[in-house]
Amino acid sequence: RPAQIARHNASLTLGYARAFGPGGALVLRYLGARFEDDLNSQRLDDALIVGASALVPVYRGFKLELRAENLLDARVEAAVSGAGVVERATPRTLWAGLRFEFF
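Residues numbered from 1 in each chain as written. Predicted model: local features only at pLDDT ≥ 70, side-chain atom pairs only at ≥ 80, totals over all residues. Heavy atoms only, no water.

### Considerations on the pattern of salt bridges
1) Next: Across all of its chains, the model carries 7 salt bridges by this definition.
2) Next: Through salt bridges with shared partners, one network takes in Lys63, Glu65, Arg99 and Glu101. (Salt bridge = Lys/Arg side-chain N within 4 Å of Asp/Glu carboxyl O.)

### Focus: the pairing of strand β5 (residues 47-59)
1) Next: Here 9 bridges tie strand β2 (residues 23-31) to β5, and the two strands are oriented antiparallel to one another. Pairing of Ala25 across the sheet is with Ser53, part of β5.
2) Next: In this structure, β5 lies alongside strand β6 (residues 62-69), joined through 7 bridges in antiparallel fashion. In the strand pairing of β6, Val56 is matched with Leu64.
3) Next: If you look at the hairpin formed by β5 and β6, you'll find 2 residues sitting between the two strands, and Arg60 has a positive phi there, around 35 degrees. (Pairing = 2+ DSSP bridges. Helix = DSSP H or I, 4+ residues; strand = E, 2+ residues; numbered from the N terminus.)

### Some remarks on the sheet that holds strand β1 (residues 9-17)
1) Next: The antiparallel open sheet is built from 5 strands, whose spatial order is β1-β2-β5-β6-β9. For this open sheet the edge positions go to β1 and β9 (93-100), each flanked by a neighbour on one side alone. Here the strands of the sheet are splayed against their neighbours by 10 degrees on average, with no regard to which way each runs. (Axes fitted to C-alpha atoms, helices over the stretch in contact; angles between N-to-C directions.)

So, in structure tokens, the structure goes:
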């Protein structure tokens, strides 16, 4: 198999939205086990990654946007060095912003 390409991947998004109301989503992503190198000798473990987002109306077209990626702080292996040191992908990340939508 090519390096860094998992045999099995899956993604599921459940969302709710209203035109002028609140909205939100829950995202589940599964990244299957894969290999770091083209010889398939250095294995990277699989991971289940959970994310969520919410849009909350504030005032006349303004919405507060909240987002979390890797909410459960899963260990997502990104690479393995020659010495066997495992590099992790992005840990739990939280975002907040203000969105303006034209009517």
